[in-house]
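Listed here are the chains, written in short residue letters.
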Amino acid sequence: MSQASIPSHTVIDEALSQRIRTARHIVFFTGAGVSAESGIPTFRDAQTGLWAQFDASELATPEAFQADPALVWGWYEWRRMKVLQAQPNPAHFAIARLTQRFPHATVITQNVDDLHERAGHSNILHLHGSLHQPRCFTCGVGYSFDNEIPVEPDYGRRVEPPRCARCDGLIRPGVVWFGESLPAQTLQQAFDAAAQCDVLFSIGTSGVVYPAAQMPHIARDANAAIVHINPQPVSGIYSDDWMLIGAAGDLLPKLEREVFF
Ligand code: OAD
């Protein structure tokens, strides 16, 4: 098996259908593309209003939060509002349904939204944390949002972060920032699932941010079938991989129909 610029498998053929039907453990590894059809602005999308003057990577660091907590908290509250206003799309729902068909299924996501959960799958490995699980910057204790949707204007504004009930420290977003480690236990669970699965779907991810991008490689080394779903060919694919070109919201329901009905 070798790295290839042009994959040999580009359709849902019988060989792939067989691998999926007989799989005992399936992994869905997802990125921003899965939420794109829900209208979630991706991390790298152009920012609007106040946010236009900032590079996203300048706001997503512990140093930025320490320097100007209200600016960083305001940006994340704007992103959380966008997520709460959005709905899961057919890709999230197809993944939730497909997980029911196998003895073991693991959903690993790089996304910080909760759209997989709202589509009906509760046990998601969030490699890059979650907008919905903030914690204290000082002592690490979790903080619960009330159920109201924050209303943040699109032109942006600073919002003072809440305070920790235990130590009075500032509450920070529950995401992984640049320069921080991924949550160790979650990462290990993801590595274990990739090493034990029979089929790994890599969906809507550019596959360039490590260590998350290791997942397909670990699964391939364990002889799993690797299926990429993306509107454009992704880099780093191998000749034995399947590369299905198209939107996840179209291709996943199609795959479900062709393989199982
Ligand atoms: P990227 O924004 O790098 O890549 C999104 C991918 O989704 C691209 O390959 C698109 O072609 C693809 N895509 C777009 N629309 C799609 C659709 N409808 N169906 C399927 N695919 C589609 O996002 P990620 O790979 O998720 O990390 O980025 C990885 C990490 O980079 C993020 O989690 C973030 C960032 O740095 C942290 O914040 C730590």
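Coordinates for the structure precede this section.
Quick caveat, the model's predicted, so the values are computed rather than measured.

> Explain the packing of aromatic side chains to me, please; I cannot follow it from the model alone.
The final tally for this structure, using the stated rule, is eight aromatic pairs. Their ring planes at 40 degrees and their centres at 5.6 Å tell us that Phe 65 and Trp 177 sit as a pair that is tilted. One end of the pair, Phe 65, is in helix H4 (residues 62-67); the other, Trp 177, is in the loop between strand S5 (171-175) and helix H8 (184-196), and 112 residues separate them in sequence. Trp 177 carries the same exposure label as Phe 65, and that label is buried. Centre to centre, the rings of Trp 73 and Phe 145 are 6.0 Å apart; their planes meet at 35 degrees, and the pair counts as tilted. Remark: Phe 145 occurs in the loop between strand S4 (129-136) and S5 and Trp 73 occurs in helix H5 (residues 69-85); sequence separation between them is 72 residues. Residue class for Trp 73 comes out buried when judged on its relative accessible area of 4%.

> Even after reading the chapter, I still don't get the site of the ligand, so can you show me in this structure?
In the region of the ligand, 18 residues are neighbours, and Glu 37, His 128, Thr 205, Ser 206 and Asn 230 sit closest. A distance of 2.8 Å separates a nitrogen atom of the ligand from a polar side-chain atom of Glu 37. Between the ligand and the protein, one listed contact pairs an oxygen atom with a side-chain N or O atom of His 128 at 2.7 Å. Burial of the ligand by the surrounding chains reaches 83%, relative to a free accessible area of 800 Å². Looking at the shell around the ligand residue by residue, the class counts come to seven nonpolar, nine polar and two charged.

> Honestly, the sheet that holds strand S8 (residues 242-245) in this entry has me stumped. Any pointers?
Within a sheet, adjacent strands bond to each other through the backbone by hydrogen bonds, running parallel or antiparallel. The sheet built from six strands is open, its strands ordered S3-S2-S1-S6-S7-S8 with parallel pairing. The strands lining the two open edges of the sheet, one partner per strand, are strand S3 (124-126) and S8. Between one strand and the next, the sheet's axes are offset by a mean angle of 20 degrees, whatever the strand orientation. Helix H6 (residues 90-99) rests against strand S1 (25-30), strand S2 (104-109) and strand S6 (199-203) of the sheet, and its axis sits at about 165 degrees to S1.

> Explain the environment of Leu 200 here, please?
Looking at where Leu 200 falls in the secondary structure, it is placed in strand S6. Along the chain, Leu 200 and Arg 220 lie 20 residues apart, while their C-alpha atoms are 8.5 Å from each other. Those residues in contact with Leu 200 that lie beyond four places of it in its chain are Val 27, Phe 29, Ala 194, Met 215, Pro 216, Ala 219, Ala 225, Ile 226 and Val 227.

> Sorry, what's going on with helix H10 (residues 248-260) here?
For an α-helix, 3.6 residues make a turn, and residues three or four places apart therefore share a direction. Between its first and last C-alpha atoms H10 spans 17 Å; for 13 residues at 1.5 Å apiece the expected length is 18 Å, and the two agree. For H10, the secondary structure elements touched by its buried residues are helix H1 (14-21), H6, S6, strand S7 (225-230) and S8.

> How should the side chain of Ser 35 be read in this particular structure?
Here Ser 35 shows up in helix H2 (residues 32-36). A residue is classified by how much of its surface remains accessible, and Ser 35, at 2% relative accessible area, is buried. Here the side chain of Ser 35 touches Asp 113 through a polar contact of 2.7 Å, side chain to side chain. Dropping the residues within four chain positions of it, Ser 35 is found in contact with Ile 40, Asn 89, His 92, Asn 111, Asp 113 and Leu 115.

Parameters at a glance
- Residues numbered from 1 in each chain as written.
- Predicted model: local features only at pLDDT ≥ 70, side-chain atom pairs only at ≥ 80, totals over all residues.
- Heavy atoms only, no water.
- Phe/Tyr/Trp six-rings, centres within 6.5 Å; stacked < 30°, edge-to-face > 60°.
- Helix = DSSP H or I, 4+ residues; strand = E, 2+ residues; numbered from the N terminus.
- Buried < 20%, exposed > 50% of the residue type's maximum accessible area, 1.4 Å probe, protein only.
- Near = heavy atom within 4 Å.
- Polar contact = N/O pair within 3.5 Å; in protein donor to acceptor, adjacent residues only side chain to side chain.
- Areas by Shrake-Rupley, 256 points an atom, 1.4 Å probe, with all protein chains shown as cover.
- Nonpolar A, V, L, I, M, F, W, Y, C, P; charged D, E, K, R; others polar.
- Pairing = 2+ DSSP bridges.
- Axes fitted to C-alpha atoms, helices over the stretch in contact; angles between N-to-C directions.
- Contact = heavy atoms within 4.5 Å.
- Expected span 1.5 Å × (residues − 1).

Function cannot be inferred from these measures alone, as they are strictly geometric.
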